[in-house]
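In case you want the letters, here they are:
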There are 2 protein chains.
Amino acid sequence: MRYKVTLAYDGNRYVGFQSQINGLTIQDEIEKVLKRICKKDLRIIMASRTDAGVHAKHQVFHFDIDKEYDTYKLKGSFNGLLPKDIHVIDVEKVKETFHARFSVKSKTYEYLINAGEYDVFLNGYAYQCFYKLDMDLMKECSKLFIGKHDFSSFNTSTYKEKPDQTRTISEFKIIKKGDLIKIRVTGDGFMRNMVRIMVGTLIDVGRGQKTIKEVKDMLKNPRKDTKRYNISPSGLYLVNIKY
Amino acid sequence: MRYKVTLAYDGNRYVGFQSQINGLTIQDEIEKVLKRICKKDLRIIMASRTDAGVHAKHQVFHFDIDKEYDTYKLKGSFNGLLPKDIHVIDVEKVKETFHARFSVKSKTYEYLINAGEYDVFLNGYAYQCFYKLDMDLMKECSKLFIGKHDFSSFNTSTYKEKPDQTRTISEFKIIKKGDLIKIRVTGDGFMRNMVRIMVGTLIDVGRGQKTIKEVKDMLKNPRKDTKRYNISPSGLYLVNIKY
(Lines give C-alpha, C1' and ligand atoms only; values in the text may rest on other atoms or scores of the structure.)
Protein backbone atom coordinates (compact mmCIF):
# COMPACT_ATOMS: atom_id res chain seq x y z
CA MET A 1 0.00 0.00 0.00
CA ARG A 2 1.13 3.53 -0.77
CA TYR A 3 0.03 6.36 1.53
CA LYS A 4 0.08 10.04 0.56
CA VAL A 5 0.43 12.44 3.48
CA THR A 6 -0.21 16.21 3.37
CA LEU A 7 1.37 18.21 6.18
CA ALA A 8 2.26 21.68 7.47
CA TYR A 9 5.26 22.75 9.55
CA ASP A 10 6.96 25.71 11.14
CA GLY A 11 10.54 25.48 9.84
CA ASN A 12 12.21 27.59 12.54
CA ARG A 13 13.56 24.70 14.65
CA TYR A 14 14.83 22.63 11.71
CA VAL A 15 17.86 22.60 9.43
CA GLY A 16 15.54 21.64 6.56
CA PHE A 17 13.17 18.91 5.42
CA GLN A 18 15.60 16.29 4.17
CA SER A 19 17.72 14.19 6.58
CA GLN A 20 21.29 15.42 6.93
CA ILE A 21 24.12 15.04 9.41
CA ASN A 22 24.19 18.57 10.81
CA GLY A 23 20.95 18.89 12.74
CA LEU A 24 17.28 18.15 13.26
CA THR A 25 15.12 17.77 10.15
CA ILE A 26 11.40 17.37 9.46
CA GLN A 27 12.13 14.02 7.72
CA ASP A 28 13.88 12.71 10.86
CA GLU A 29 10.90 13.63 13.05
CA ILE A 30 8.43 12.00 10.65
CA GLU A 31 10.42 8.78 10.17
CA LYS A 32 10.87 8.48 13.94
CA VAL A 33 7.09 8.68 14.39
CA LEU A 34 6.46 6.36 11.42
CA LYS A 35 8.68 3.75 13.08
CA ARG A 36 6.60 3.95 16.27
CA ILE A 37 3.35 3.64 14.33
CA CYS A 38 4.38 0.91 11.86
CA LYS A 39 6.98 -0.89 14.04
CA LYS A 40 9.57 -0.88 11.25
CA ASP A 41 12.08 1.43 9.60
CA LEU A 42 10.46 3.19 6.66
CA ARG A 43 11.73 5.87 4.28
CA ILE A 44 9.50 8.69 3.15
CA ILE A 45 9.66 10.37 -0.28
CA MET A 46 8.90 14.10 -0.04
CA ALA A 47 7.58 16.33 -2.80
CA SER A 48 9.92 19.22 -2.06
CA ARG A 49 13.17 19.58 -0.13
CA THR A 50 12.58 22.82 1.77
CA ASP A 51 15.67 24.51 3.27
CA ALA A 52 16.51 25.43 6.86
CA GLY A 53 13.96 27.90 8.28
CA VAL A 54 11.52 27.51 5.36
CA HIS A 55 7.90 26.85 6.36
CA ALA A 56 5.17 24.75 4.75
CA LYS A 57 1.40 25.14 4.83
CA HIS A 58 1.07 22.28 2.34
CA GLN A 59 3.89 19.78 1.80
CA VAL A 60 3.43 16.18 0.62
CA PHE A 61 5.26 12.89 1.13
CA HIS A 62 4.49 9.24 0.42
CA PHE A 63 5.55 5.96 2.00
CA ASP A 64 4.90 2.28 1.32
CA ILE A 65 3.91 -0.46 3.72
CA ASP A 66 2.26 -3.88 3.28
CA LYS A 67 -0.47 -3.14 5.76
CA GLU A 68 -3.94 -1.64 5.69
CA TYR A 69 -4.40 1.40 7.92
CA ASP A 70 -7.49 3.47 8.51
CA THR A 71 -6.36 6.85 7.11
CA TYR A 72 -8.29 8.88 9.71
CA LYS A 73 -6.70 6.93 12.56
CA LEU A 74 -3.29 7.19 10.90
CA LYS A 75 -3.66 10.99 10.83
CA GLY A 76 -4.53 10.91 14.54
CA SER A 77 -1.49 8.74 15.37
CA PHE A 78 0.84 11.08 13.47
CA ASN A 79 -0.50 14.17 15.22
CA GLY A 80 -0.46 12.53 18.62
CA LEU A 81 3.24 11.70 18.27
CA LEU A 82 4.68 14.55 16.15
CA PRO A 83 6.05 17.72 17.79
CA LYS A 84 3.69 20.72 17.89
CA ASP A 85 5.38 22.46 14.95
CA ILE A 86 4.61 19.64 12.48
CA HIS A 87 0.98 18.80 11.70
CA VAL A 88 -0.51 16.18 9.38
CA ILE A 89 -3.48 17.68 7.53
CA ASP A 90 -4.52 14.63 5.51
CA VAL A 91 -3.68 10.97 4.82
CA GLU A 92 -4.90 9.18 1.66
CA LYS A 93 -4.38 5.75 0.15
CA VAL A 94 -3.01 6.17 -3.39
CA LYS A 95 -2.08 3.94 -6.35
CA GLU A 96 1.51 2.74 -6.75
CA THR A 97 1.74 4.99 -9.84
CA PHE A 98 1.55 8.08 -7.59
CA HIS A 99 4.97 9.47 -6.64
CA ALA A 100 5.23 12.44 -4.24
CA ARG A 101 8.13 13.97 -6.20
CA PHE A 102 7.86 12.74 -9.80
CA SER A 103 4.06 13.15 -10.14
CA VAL A 104 4.12 16.87 -9.21
CA LYS A 105 2.38 19.08 -11.80
CA SER A 106 2.97 22.41 -10.05
CA LYS A 107 4.15 23.93 -6.78
CA THR A 108 3.18 27.24 -5.22
CA TYR A 109 5.33 29.24 -2.82
CA GLU A 110 4.51 32.42 -0.95
CA TYR A 111 7.02 34.91 0.41
CA LEU A 112 6.07 37.36 3.16
CA ILE A 113 7.72 40.78 3.54
CA ASN A 114 7.04 43.24 6.35
CA ALA A 115 7.76 46.74 5.03
CA GLY A 116 6.49 48.49 8.18
CA GLU A 117 7.61 48.83 11.83
CA TYR A 118 9.37 45.68 13.08
CA ASP A 119 6.80 43.21 14.43
CA VAL A 120 7.89 40.70 17.11
CA PHE A 121 5.17 38.30 15.94
CA LEU A 122 6.69 38.12 12.44
CA ASN A 123 10.19 37.34 13.74
CA GLY A 124 11.08 34.12 11.87
CA TYR A 125 7.93 34.38 9.74
CA ALA A 126 8.63 37.29 7.38
CA TYR A 127 11.51 39.26 5.89
CA GLN A 128 11.85 42.62 7.65
CA CYS A 129 12.43 45.26 4.97
CA PHE A 130 13.78 48.65 6.01
CA TYR A 131 14.10 49.98 2.45
CA LYS A 132 11.49 52.07 0.66
CA LEU A 133 10.20 49.90 -2.17
CA ASP A 134 8.84 50.98 -5.54
CA MET A 135 5.90 48.59 -5.87
CA ASP A 136 5.11 49.51 -9.49
CA LEU A 137 8.64 48.69 -10.55
CA MET A 138 8.51 45.38 -8.62
CA LYS A 139 5.23 44.42 -10.28
CA GLU A 140 6.60 45.28 -13.73
CA CYS A 141 9.72 43.21 -13.03
CA SER A 142 7.75 40.23 -11.68
CA LYS A 143 6.01 39.82 -15.06
CA LEU A 144 9.39 39.05 -16.67
CA PHE A 145 9.56 35.75 -14.75
CA ILE A 146 6.24 34.42 -16.07
CA GLY A 147 6.60 31.85 -18.87
CA LYS A 148 9.30 29.34 -19.86
CA HIS A 149 12.86 30.51 -19.16
CA ASP A 150 16.34 29.21 -18.45
CA PHE A 151 16.64 30.19 -14.77
CA SER A 152 20.40 29.56 -14.45
CA SER A 153 20.91 33.12 -13.16
CA PHE A 154 18.27 32.61 -10.46
CA ASN A 155 19.30 29.49 -8.53
CA THR A 156 22.27 27.86 -6.78
CA SER A 157 21.88 24.32 -8.19
CA THR A 158 24.88 23.28 -10.26
CA TYR A 159 24.54 22.05 -13.85
CA LYS A 160 25.72 18.67 -12.60
CA GLU A 161 22.71 18.43 -10.27
CA LYS A 162 20.23 19.99 -12.70
CA PRO A 163 21.53 19.89 -16.30
CA ASP A 164 18.35 21.46 -17.66
CA GLN A 165 17.64 24.70 -15.82
CA THR A 166 14.56 25.59 -17.84
CA ARG A 167 11.38 25.97 -15.80
CA THR A 168 7.92 27.38 -16.46
CA ILE A 169 6.40 29.96 -14.11
CA SER A 170 2.63 30.17 -14.51
CA GLU A 171 1.80 32.68 -11.75
CA PHE A 172 3.76 35.54 -10.16
CA LYS A 173 1.66 37.86 -8.02
CA ILE A 174 2.55 40.66 -5.63
CA ILE A 175 -0.20 41.50 -3.13
CA LYS A 176 0.19 44.45 -0.73
CA LYS A 177 -2.04 44.75 2.34
CA GLY A 178 -1.03 47.62 4.59
CA ASP A 179 2.67 47.15 5.36
CA LEU A 180 2.66 43.45 4.41
CA ILE A 181 3.71 42.33 0.95
CA LYS A 182 2.90 38.78 -0.11
CA ILE A 183 4.59 37.36 -3.21
CA ARG A 184 2.97 34.26 -4.71
CA VAL A 185 4.77 32.12 -7.29
CA THR A 186 3.56 28.98 -9.06
CA GLY A 187 5.70 26.89 -11.39
CA ASP A 188 6.28 23.38 -12.69
CA GLY A 189 9.46 23.17 -10.61
CA PHE A 190 11.97 25.24 -8.67
CA MET A 191 15.72 24.77 -8.27
CA ARG A 192 17.74 25.44 -5.12
CA ASN A 193 17.07 28.94 -3.69
CA MET A 194 15.20 29.87 -6.89
CA VAL A 195 12.20 31.51 -5.19
CA ARG A 196 14.42 33.34 -2.69
CA ILE A 197 16.69 34.67 -5.45
CA MET A 198 13.72 35.80 -7.58
CA VAL A 199 12.25 37.61 -4.53
CA GLY A 200 15.67 39.03 -3.61
CA THR A 201 15.99 40.34 -7.17
CA LEU A 202 12.58 42.03 -6.89
CA ILE A 203 13.67 43.70 -3.61
CA ASP A 204 16.86 44.90 -5.35
CA VAL A 205 14.74 46.36 -8.15
CA GLY A 206 12.22 47.87 -5.71
CA ARG A 207 14.95 49.70 -3.77
CA GLY A 208 16.83 50.83 -6.88
CA GLN A 209 19.83 48.51 -6.59
CA LYS A 210 19.09 46.74 -9.87
CA THR A 211 17.35 47.87 -13.08
CA ILE A 212 14.64 46.04 -15.02
CA LYS A 213 17.12 45.97 -17.91
CA GLU A 214 19.62 44.03 -15.79
CA VAL A 215 16.96 41.48 -14.81
CA LYS A 216 15.98 41.06 -18.47
CA ASP A 217 19.64 40.40 -19.24
CA MET A 218 19.86 37.78 -16.44
CA LEU A 219 17.00 35.92 -18.14
CA LYS A 220 18.27 36.38 -21.71
CA ASN A 221 21.86 35.44 -20.93
CA PRO A 222 21.55 32.82 -18.21
CA ARG A 223 24.75 32.39 -16.20
CA LYS A 224 25.93 31.38 -12.73
CA ASP A 225 28.30 34.26 -12.00
CA THR A 226 25.67 37.04 -11.66
CA LYS A 227 25.56 38.92 -8.35
CA ARG A 228 22.43 37.53 -6.72
CA TYR A 229 20.56 38.41 -3.55
CA ASN A 230 19.49 35.18 -1.82
CA ILE A 231 16.90 36.59 0.60
CA SER A 232 16.29 35.11 4.11
CA PRO A 233 14.37 31.79 4.33
CA SER A 234 12.17 33.13 7.19
CA GLY A 235 9.55 34.61 4.87
CA LEU A 236 9.23 31.54 2.60
CA TYR A 237 6.22 29.19 2.71
CA LEU A 238 5.47 26.18 0.51
CA VAL A 239 1.69 26.62 0.18
CA ASN A 240 0.47 24.17 -2.46
CA ILE A 241 1.45 21.16 -4.56
CA LYS A 242 -0.72 19.98 -7.44
CA TYR A 243 -0.63 16.49 -8.93
CA MET B 1 13.44 63.29 33.51
CA ARG B 2 10.70 60.69 33.19
CA TYR B 3 10.55 58.58 30.02
CA LYS B 4 7.47 56.69 28.86
CA VAL B 5 8.22 53.64 26.71
CA THR B 6 5.67 51.74 24.59
CA LEU B 7 6.69 48.22 23.60
CA ALA B 8 5.54 44.89 22.14
CA TYR B 9 6.72 41.39 23.00
CA ASP B 10 6.20 37.74 22.25
CA GLY B 11 5.66 36.19 25.69
CA ASN B 12 6.54 32.59 24.75
CA ARG B 13 10.12 32.59 26.12
CA TYR B 14 9.30 34.40 29.36
CA VAL B 15 7.85 33.51 32.77
CA GLY B 16 6.07 36.87 32.77
CA PHE B 17 6.72 40.60 32.69
CA GLN B 18 7.66 41.25 36.30
CA SER B 19 11.04 40.14 37.74
CA GLN B 20 10.84 36.94 39.77
CA ILE B 21 13.22 34.27 40.94
CA ASN B 22 12.05 31.37 38.79
CA GLY B 23 13.04 32.37 35.26
CA LEU B 24 13.58 34.94 32.53
CA THR B 25 11.23 37.96 32.50
CA ILE B 26 10.64 40.90 30.16
CA GLN B 27 11.50 43.31 33.01
CA ASP B 28 14.91 41.61 33.49
CA GLU B 29 15.72 41.96 29.78
CA ILE B 30 14.70 45.62 29.71
CA GLU B 31 16.56 46.59 32.91
CA LYS B 32 19.69 44.80 31.64
CA VAL B 33 19.55 46.87 28.44
CA LEU B 34 18.71 50.06 30.37
CA LYS B 35 21.84 49.55 32.48
CA ARG B 36 23.96 49.31 29.33
CA ILE B 37 22.39 52.45 27.87
CA CYS B 38 22.33 54.63 31.03
CA LYS B 39 25.38 53.11 32.81
CA LYS B 40 23.46 52.72 36.07
CA ASP B 41 20.96 50.39 37.73
CA LEU B 42 17.43 51.64 37.05
CA ARG B 43 14.03 50.21 37.93
CA ILE B 44 11.16 50.38 35.48
CA ILE B 45 7.48 50.76 36.45
CA MET B 46 5.24 48.80 34.09
CA ALA B 47 1.57 49.46 33.34
CA SER B 48 0.51 45.83 33.51
CA ARG B 49 2.04 42.67 34.94
CA THR B 50 1.38 40.15 32.17
CA ASP B 51 1.73 36.46 33.09
CA ALA B 52 3.98 33.74 31.64
CA GLY B 53 3.25 33.18 27.96
CA VAL B 54 1.04 36.28 27.60
CA HIS B 55 1.89 38.57 24.66
CA ALA B 56 1.76 42.33 24.25
CA LYS B 57 1.23 44.45 21.17
CA HIS B 58 1.13 47.58 23.33
CA GLN B 59 2.55 47.59 26.85
CA VAL B 60 3.91 50.66 28.66
CA PHE B 61 6.57 51.34 31.30
CA HIS B 62 8.28 54.44 32.66
CA PHE B 63 11.67 55.11 34.21
CA ASP B 64 13.44 58.14 35.67
CA ILE B 65 16.95 59.42 35.03
CA ASP B 66 18.63 62.82 35.50
CA LYS B 67 19.80 62.98 31.93
CA GLU B 68 18.46 64.27 28.62
CA TYR B 69 18.21 61.66 25.89
CA ASP B 70 17.06 62.06 22.34
CA THR B 71 13.93 59.85 22.32
CA TYR B 72 14.45 58.64 18.75
CA LYS B 73 18.03 57.58 19.51
CA LEU B 74 16.89 55.98 22.78
CA LYS B 75 14.38 53.87 20.83
CA GLY B 76 17.20 52.81 18.48
CA SER B 77 19.48 51.87 21.40
CA PHE B 78 16.76 49.77 23.01
CA ASN B 79 15.99 47.91 19.79
CA GLY B 80 19.65 47.39 18.98
CA LEU B 81 20.24 45.71 22.35
CA LEU B 82 16.94 43.95 23.16
CA PRO B 83 16.31 40.35 22.02
CA LYS B 84 14.26 39.93 18.84
CA ASP B 85 11.05 39.06 20.73
CA ILE B 86 10.89 42.45 22.52
CA HIS B 87 10.49 45.63 20.49
CA VAL B 88 10.25 49.25 21.58
CA ILE B 89 7.62 51.05 19.49
CA ASP B 90 7.92 54.52 20.99
CA VAL B 91 9.80 56.58 23.60
CA GLU B 92 8.41 59.89 24.94
CA LYS B 93 9.49 62.40 27.56
CA VAL B 94 6.63 62.84 30.05
CA LYS B 95 5.85 64.96 33.11
CA GLU B 96 6.64 63.63 36.59
CA THR B 97 2.87 63.46 37.18
CA PHE B 98 2.62 60.62 34.64
CA HIS B 99 2.77 57.15 36.18
CA ALA B 100 2.75 54.04 33.95
CA ARG B 101 0.52 52.12 36.40
CA PHE B 102 -1.48 54.68 38.40
CA SER B 103 -2.36 56.97 35.47
CA VAL B 104 -3.98 54.19 33.43
CA LYS B 105 -7.55 55.05 32.31
CA SER B 106 -8.28 51.80 30.47
CA LYS B 107 -6.63 48.64 29.17
CA THR B 108 -7.64 46.49 26.23
CA TYR B 109 -6.87 42.79 25.87
CA GLU B 110 -7.55 40.48 22.95
CA TYR B 111 -7.86 36.71 23.13
CA LEU B 112 -7.41 34.55 20.03
CA ILE B 113 -9.14 31.18 19.58
CA ASN B 114 -8.63 28.82 16.66
CA ALA B 115 -11.80 26.76 16.25
CA GLY B 116 -10.63 25.06 13.04
CA GLU B 117 -7.96 22.50 12.07
CA TYR B 118 -4.83 22.79 14.25
CA ASP B 119 -2.45 25.38 12.77
CA VAL B 120 1.31 25.07 13.47
CA PHE B 121 1.69 28.82 13.02
CA LEU B 122 -0.74 29.54 15.87
CA ASN B 123 1.07 27.22 18.30
CA GLY B 124 1.77 29.51 21.29
CA TYR B 125 -0.31 32.31 19.76
CA ALA B 126 -3.91 31.09 20.07
CA TYR B 127 -6.04 28.67 22.07
CA GLN B 128 -6.79 25.56 20.02
CA CYS B 129 -10.47 24.75 20.53
CA PHE B 130 -11.71 21.27 19.57
CA TYR B 131 -15.26 21.84 20.87
CA LYS B 132 -18.20 22.94 18.76
CA LEU B 133 -19.09 26.40 20.06
CA ASP B 134 -22.49 28.10 20.08
CA MET B 135 -21.49 31.63 19.03
CA ASP B 136 -24.91 33.16 19.71
CA LEU B 137 -24.88 31.90 23.29
CA MET B 138 -21.31 33.19 23.76
CA LYS B 139 -22.28 36.64 22.44
CA GLU B 140 -25.34 36.76 24.69
CA CYS B 141 -23.19 35.77 27.69
CA SER B 142 -20.44 38.29 26.89
CA LYS B 143 -22.95 41.16 27.31
CA LEU B 144 -23.36 40.22 30.98
CA PHE B 145 -19.78 41.32 31.70
CA ILE B 146 -20.25 44.88 30.38
CA GLY B 147 -20.71 47.49 33.09
CA LYS B 148 -19.63 47.81 36.73
CA HIS B 149 -19.53 44.49 38.60
CA ASP B 150 -17.84 42.77 41.52
CA PHE B 151 -15.62 40.31 39.61
CA SER B 152 -14.64 38.17 42.65
CA SER B 153 -15.88 35.04 40.83
CA PHE B 154 -13.71 35.84 37.80
CA ASN B 155 -10.15 36.26 39.09
CA THR B 156 -7.51 34.63 41.28
CA SER B 157 -6.37 37.72 43.23
CA THR B 158 -7.04 37.37 46.95
CA TYR B 159 -9.04 39.96 48.91
CA LYS B 160 -5.81 40.77 50.77
CA GLU B 161 -4.15 41.79 47.49
CA LYS B 162 -7.22 43.48 46.00
CA PRO B 163 -9.81 44.34 48.70
CA ASP B 164 -12.12 46.00 46.18
CA GLN B 165 -12.84 43.58 43.32
CA THR B 166 -15.24 45.91 41.50
CA ARG B 167 -14.20 46.78 37.96
CA THR B 168 -15.92 48.38 34.98
CA ILE B 169 -15.90 46.70 31.59
CA SER B 170 -16.68 49.13 28.78
CA GLU B 171 -16.24 46.87 25.75
CA PHE B 172 -16.66 43.11 25.24
CA LYS B 173 -16.70 42.02 21.61
CA ILE B 174 -16.57 38.64 19.92
CA ILE B 175 -15.45 38.75 16.28
CA LYS B 176 -15.45 35.58 14.16
CA LYS B 177 -13.48 35.44 10.89
CA GLY B 178 -13.49 31.99 9.35
CA ASP B 179 -12.26 29.59 12.03
CA LEU B 180 -10.64 32.33 14.12
CA ILE B 181 -12.49 33.92 17.03
CA LYS B 182 -11.13 37.14 18.49
CA ILE B 183 -12.42 38.33 21.84
CA ARG B 184 -11.74 41.98 22.69
CA VAL B 185 -12.20 43.33 26.22
CA THR B 186 -11.66 46.87 27.52
CA GLY B 187 -11.91 47.84 31.16
CA ASP B 188 -10.62 50.26 33.78
CA GLY B 189 -8.61 47.45 35.35
CA PHE B 190 -8.21 43.67 35.45
CA MET B 191 -7.29 41.40 38.33
CA ARG B 192 -5.10 38.29 38.13
CA ASN B 193 -6.31 35.88 35.39
CA MET B 194 -9.52 37.91 35.03
CA VAL B 195 -9.52 38.04 31.20
CA ARG B 196 -8.57 34.36 30.94
CA ILE B 197 -11.33 33.31 33.35
CA MET B 198 -13.95 35.44 31.54
CA VAL B 199 -12.89 33.89 28.20
CA GLY B 200 -12.79 30.40 29.77
CA THR B 201 -16.32 30.96 31.07
CA LEU B 202 -17.48 31.94 27.56
CA ILE B 203 -15.94 28.75 26.15
CA ASP B 204 -17.74 26.73 28.85
CA VAL B 205 -21.02 28.41 27.87
CA GLY B 206 -20.34 27.97 24.14
CA ARG B 207 -19.78 24.22 24.52
CA GLY B 208 -22.71 23.71 26.88
CA GLN B 209 -20.72 23.12 30.10
CA LYS B 210 -22.20 26.17 31.85
CA THR B 211 -25.51 28.00 31.49
CA ILE B 212 -26.07 31.74 31.12
CA LYS B 213 -28.03 31.50 34.38
CA GLU B 214 -24.94 30.17 36.18
CA VAL B 215 -22.81 33.03 34.83
CA LYS B 216 -25.44 35.55 35.96
CA ASP B 217 -25.27 33.97 39.42
CA MET B 218 -21.44 34.23 39.47
CA LEU B 219 -21.81 37.98 38.90
CA LYS B 220 -24.74 38.48 41.30
CA ASN B 221 -23.22 36.43 44.13
CA PRO B 222 -19.48 37.07 43.80
CA ARG B 223 -17.39 34.40 45.49
CA LYS B 224 -13.98 32.74 45.25
CA ASP B 225 -15.05 29.08 45.43
CA THR B 226 -16.79 28.85 42.04
CA LYS B 227 -15.44 26.27 39.58
CA ARG B 228 -13.61 28.41 37.04
CA TYR B 229 -11.92 27.65 33.77
CA ASN B 230 -8.64 29.58 33.57
CA ILE B 231 -7.89 29.26 29.85
CA SER B 232 -4.33 29.02 28.43
CA PRO B 233 -2.22 32.25 28.35
CA SER B 234 -1.08 31.52 24.74
CA GLY B 235 -4.04 33.30 23.15
CA LEU B 236 -3.86 36.44 25.32
CA TYR B 237 -2.54 39.78 24.02
CA LEU B 238 -2.37 43.12 25.81
CA VAL B 239 -3.25 45.42 22.87
CA ASN B 240 -3.82 48.91 24.24
CA ILE B 241 -3.42 51.12 27.31
CA LYS B 242 -5.08 54.52 27.51
CA TYR B 243 -3.97 57.34 29.82
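Every value quoted in this text rests on a predicted model; they were computed, and no experiment measured them.

Conventions adopted
- Sequence order sets the numbering: in each chain, residues are counted from 1 along the sequence as written.
- Whichever chain is written first is A, and whichever ligand is written first is 1; the rest continue in order.
- At least 70 in pLDDT is required for a residue's local features to be given in this predicted model, at least 80 for side-chain atom pairs to be given and counted, and no such filter applies to totals for whole chains, interfaces and linings, which use all residues.
- Excluding hydrogens and water, the side-chain values take into account all heavy atoms of the structure.
- In this description a helix means any DSSP run of H or I spanning at least four residues, a strand means any run of E spanning at least two, and both kinds are numbered starting from the N terminus.
- It is over C-alpha atoms that the radius of gyration is taken, and the globule rule equals 2.2 Å times the number of residues to the power 0.38.
- Note on classification: 1.4 Å probe, protein chains only; a residue is buried when its accessible area is under 20% of the maximum for its type, exposed when over 50%, partly exposed between these limits.
- Note on areas: Shrake-Rupley, 1.4 Å probe, and residue coverage restricted to the protein chains presented here.
- Our superposition of the copies is a least-squares fit, built on the C-alpha atoms of residues whose pLDDT is at least 70 in both.
- The contact rule is simple, with two residues in contact once any of their heavy atoms fall within 4.5 Å.
- Centres within 6.5 Å make a pair out of two Phe, Tyr or Trp rings, where for Trp the six-membered ring is used; the pair is then stacked when the planes are under 30 degrees apart, edge-to-face when over 60, and tilted otherwise.
- For a ring to carry a charge above it, either NZ of a lysine or CZ of an arginine must fall within 6 Å of the ring centroid while also lying within 35 degrees of the normal to the ring plane.

(A) The overall build of chain A, seen in detail. Tallying secondary structure elements over chain A gives five helices and ten strands in all. Taking 243 residues into account, the globule formula puts the C-alpha radius of gyration at 18 Å, and chain A, at 19 Å, falls close to it. Reported as C-alpha extents along the three principal axes, the dimensions of chain A are approximately 55 × 40 × 30 Å. Of all 243 residues assigned to chain A, the portion counted as buried reaches 53%. About 11,900 Å² of surface is accessible on chain A, with carbon and sulfur atoms providing 50% of the total.

(B) Region of the structure containing the relation of the copies chain A and chain B. For the pair chain A and chain B, the superposition axis carries a translation of 0.0 Å, the fit reaches an RMSD of 0.0 Å, and the rotation angle comes to 180°. The superposition operator between the copies reduces to a two-fold rotation axis. Proximity to the rotation axis, assessed at the C-alpha, singles out F121 of chain A in chain A; its C-alpha lies 5.3 Å from the axis. Interface residue correspondence from chain A to chain B reaches 100%, placing this contact among same-surface, isologous pairings.

(C) Region of the structure containing the packing of aromatic side chains. All told, the structure shown has 22 aromatic pairs over all chains when counted by the stated rule. Seen from their ring centres, Y3 of chain A and Y69 of chain A are 6.1 Å apart, and the 70° between their planes marks the pair as edge-to-face. Of this pair, Y3 of chain A sits in strand 1 (residues 2–9) while Y69 of chain A sits in the loop between strand 3 (55–64) and helix 2 (71–81), and the two are 66 residues apart along the sequence. With respect to class, Y3 of chain A is no different from Y69 of chain A; both count as buried. On the basis of an interplanar angle of 90° and a centroid distance of 5.4 Å, the ring pair of Y109 of chain B and F190 of chain B is categorised as edge-to-face. Residue Y109 of chain B is found in strand 5 (residues 106–114), and its partner F190 of chain B is found in the loop between strand 9 (180–187) and helix 4 (194–206); the two are separated by 81 residues along the sequence. On the basis of relative accessible area, Y109 of chain B is assigned to the buried category, the value being 8%. Above the ring of Y237 of chain A, the side-chain terminus of K57 of chain A is found at 5.1 Å from the ring centroid. Seen from the ring of Y159 of chain B, K224 of chain B lies directly overhead, with NZ or CZ sitting 5.3 Å from the centre.

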